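The residues making up each chain are set out below.
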Amino acid sequence: MVSEHQTTFDETIAADEKIEPRDWMPDAYRNTLIRQIAQHAHSEVIGMQPEGNWITRAPTLLRKAILIAKVQDEAGHGLYLYSAAETLGVSRDELQEMLHSGRHKYSSIFNYPTLSWADIGVIGWLVDGAAIVNQIMLQGASYGPYARAMVRICKEESFHARQGYAILMTLAKGTDEQRQMLQDAVDRWWWPALMMFGPHDSESTHTEQSMDWKIKRMSNDDLRQLYVDQTVPQGEYLGITFPDPDLHFDEESGHWRFGEIDWDEFWAVVTGDGPMNRERVAHKKKAWEDGAWVREAATAYAVKHAAETAKVA
Amino acid sequence: MTDGANAALVEVLLRHADDNTILGQRLGEYISSAPELEEDLAIANGALDHIGVAMHLYEYAAEIAGGDASVDGYSMRRNEREFTNALIVEQPNTDFAHIVARSFLFGVYQKLLWEQLSRSSDERLAGIAARALKEATYHVTHARRWVVRLGDGTPESHARMQTAIDEMWRFTSELFEQPDIDSVLIESGVVFDITRERAKWDAAVDDALEEATLVRPEDPYQATGGRLGRHTEHLGHLLAEMQWLQRTYPGASW
């Protein structure tokens, strides 16, 4: 028998209205959201590392300031998203522990290394560009706090994508060495960017249920196609080539058709064997462990201080 | 202004710009390594403020100096001996306590400096200083809060905070040195005698140390040389990293 709660929930979803933290929701819906929002938060936080890798070497103070602002935004996005996850009854410490122990994943794209300054531009253009396609859809997600976090995050992400493209325009108009740097970065990041949309719909375990719950509003393959269609002309404008001999414009459908993703690489990186998986998690754990004495001190101070205040009162 | 006064003003602007660039670089190094996400945000915020001020000061210096002087040239193509930042800002991020100690001891000085310069007869400098003063006030509040929390936290944090204060202490007198070249600008009210602010610095620092249950160090040795471009060994490495792209690809635009 369907409970009254379930009926209300189903009706809310059907009417395209939002589920809010105090509303009843099925456990599976709650758990799916916790996993997805936490994964998104972890991705923002881990994403600070590949970009942070170039803060000290940014070529001008202006570029340095823009990059710091971007990494700072990512820390801020991590905070909103952890807060959104906390509305579902899980603590930030628990979520961090899941990340550190490897039980939670983050976007695999951040398991690739940033090897040149052009990578910083390409991350803005290709990686943030892909994130935006995904996040625009998520603004319509059925869970209120998540959808609202996405509205704010999307605004900042579009600034990131623009600054990435601006770096690349400068390189494209620069010296031969700068153009080579640009092309090399595109060659390394294009396929991992396409992988950001996840496995084919036929292989995706979560897609169907998430679409029924209106957490996801479009499938992986549809989002990927949307992304390729908008990105290829931008690449042409930059004067770069994409590392895909099968990439071509299909007049009939009006879409850019592309070759098959290397799914072995995709699954290897997802399951922990990417170029930087171990370093990313190790860095995060080290920062957390190195900071333990600071957090303990803050707590100890707060406790002492609270006791004093109580005595005075 | 006379050529002499212009040259002196360029030196003053570069000195303060260098302080901000180098501290911004040090804070930038630490982003993603903080004890919690909120601190990563705060550190990034400080780095941005310092780099922003540095850019304004270099820009003004470049306009006065003319020729091919530029923000990028000053920051990315000068050598170690040409940087005149104070030694304290180039000291490494040994641990969170050192970062806090550096930001606090330097921040109290910088706040006093901007208070002075916001009254400068040079309107452009006064404007830059007035904005920087608001930011420095926040930096000091934030750093002071950590000095107190760590000093009066656990035995471990107390020991670490005391060590960091002790180690940074020898770089503090230099902040109140007044290079001779400034005298022409002091006469015209463009800059002020910084040595007069020392007592206020002592009072603010003592107040925080006391609240933090920390001891004011009694280190008779005080390092000097930063304002003359004679640095600790740390600066060369910092610049090698910071200037690497500009040095590797001379003439390229970024």
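Parameters at a glance
Residues numbered from 1 in each chain as written. Chains lettered and ligands numbered in written order. Predicted model: local features only at pLDDT ≥ 70, side-chain atom pairs only at ≥ 80, totals over all residues. Heavy atoms only, no water. Helix = DSSP H or I, 4+ residues; strand = E, 2+ residues; numbered from the N terminus. Rg over C-alpha atoms; globule rule 2.2 N^0.38 Å. Buried < 20%, exposed > 50% of the residue type's maximum accessible area, 1.4 Å probe, protein only. Contact = heavy atoms within 4.5 Å. Areas by Shrake-Rupley, 256 points an atom, 1.4 Å probe, with all protein chains shown as cover. Lys, Arg positive; Asp, Glu negative; His and termini not counted. Charge placed at Lys NZ, Arg CZ, Asp CG, Glu CD. Axes fitted to C-alpha atoms, helices over the stretch in contact; angles between N-to-C directions. Parallel < 35°, antiparallel > 145°, perpendicular 65-115°, else oblique. Nonpolar A, V, L, I, M, F, W, Y, C, P; charged D, E, K, R; others polar. 1 Å grid on protein atoms, 1.4 Å probe; cavity = no way out; pocket = protein on both sides within 12 Å on 5 of 7 lines; lining within 4 Å. Points joined across faces, edges and corners; volume = space filled by probe spheres on them. Salt bridge = Lys/Arg side-chain N within 4 Å of Asp/Glu carboxyl O. Buried area = accessible area lost by both parts, 1.4 Å probe. Polar contact = N/O pair within 3.5 Å; in protein donor to acceptor, adjacent residues only side chain to side chain.

Student: An account of the overall build of chain A is needed here, citing residue identities and associated values.
Tutor: Counting its regular elements, chain A contains 12 helices and 2 strands. The order of α-helices and β-strands along chain A, N terminus first, is α-α-α-α-α-α-α-α-α-β-β-α-α-α. Taken over C-alpha atoms, the radius of gyration comes to 21 Å for chain A, in line with the 20 Å a tight globule of 313 residues would show. Counting only C-alpha atoms, chain A reaches 70 × 55 × 35 Å along its principal axes. Expressed as a percentage of its 313 residues, the buried residues of chain A come to 55%.

Student: Requested: an account of the overall build of chain B, with residues and values cited.
Tutor: Looking only at helices and strands, one finds 11 helices and 0 strands in chain B. Going from the N terminus to the C terminus, chain B shows its helices and strands as α-α-α-α-α-α-α-α-α-α-α. Over its C-alpha atoms chain B spans a radius of gyration of 18 Å, differing by no more than 12% from the 18 Å that the globule rule assigns to 254 residues. With the principal axes as the frame, chain B shows a C-alpha extent of 55 × 45 × 30 Å. Expressed as a percentage of the 254 residues in chain B, the buried residues total 59%. Sequence-distant contacts in chain B: of pairs separated by 6 or more residues, those separated by 24 or more amount to 79%. For chain B, the exposed area adds up to about 10100 Å²; of that, 51% sits on carbon and sulfur atoms. For chain B, the separation between the mean place of its 23 positive charges and that of its 42 negative charges on side chains is 2 Å.

Student: Describe the packing of helix 6 (residues 123-151) of chain B against helix 7 (residues 155-169) of chain B, naming the residues involved and giving the relevant values.
Tutor: Residues and elements named next belong to chain B. Orientation of helix 6 relative to helix 7, taken along the N-to-C sense of each, is 130°, at an axis distance of 7 Å. Accordingly, the angle class assigned to the pair helix 6 and helix 7 is oblique. Counting all contacts with helix 6, which are made through Val147, Arg149, Leu150 and Gly151, the residues of helix 7 involved are Ser157, His158 and Met161. Among the residues making up the contact of helix 6 with helix 7, the classes are represented as 3 nonpolar, 3 polar and 1 charged.

Student: So what's going on with empty space enclosed by the protein? Which residues, and what values?
Tutor: All names here are of chain B. Counted under the stated rule, the structure contains 4 cavities of 30 Å³ or more. Within this model, the largest cavity holds a volume of roughly 230 Å³. Lining the largest cavity are 19 residues; nearest its centre among them are Leu27, Ser103, His139, His142 and Ala143. Secondary structure elements with two or more residues in the lining of the largest cavity: helix 1 (3-30), helix 2 (37-65), helix 5 (96-117) and helix 6.

Student: Break down the pattern of salt bridges for me, citing the residues and quoting the values.
Tutor: Tallying each qualifying case throughout the model produces 29 salt bridges over all chains. Taking the shortest distance from any N to any O, the salt bridge between B:Arg26 and B:Glu29 comes out at 2.7 Å. Here the residue B:Arg26 and the residue B:Glu29 both occupy positions in helix 1, the gap between them amounting to 3 residues, near one helical turn. Here the residues in one salt-bridge network are A:Glu51, A:Lys70, A:Glu74 and A:Asp128, joined through shared partners.

Student: Give me the interface of chain B and chain A: which residues, what numbers.
Tutor: When the parts of a complex come together, some accessible area is lost, and that lost area is often taken as the interface size. Opposite the 49 residues of chain B that make contact, chain A presents 45 residues. Note on chain B versus chain A: buried area summed over both sides is about 4000 Å², and carbon and sulfur give 71% of it. Seen at the junction of chain B and chain A, the total is 2 salt bridges. Residue B:Glu38 pairs with A:Arg92 through a salt bridge whose shortest N-O separation is 2.8 Å. Across the chain B-chain A interface, the total number found is 13 residue pairs in polar contact (both at pLDDT 80 or more). Counting only elements with at least two residues in the side of chain B that touches chain A, the list comes to helix 1, helix 2, helix 3 (71-76), helix 5, helix 6, helix 7, helix 10 (234-242) and helix 11 (244-248) of chain B. Ranked by the residues each element gives to the side of chain B that touches chain A, the list is headed by helix 2 of chain B, at 12 residues. Taken together, the residues of the side of chain B that touches chain A break down into 25 nonpolar, 12 polar and 12 charged.

Function-wise, these values are silent; they only describe arrangement.
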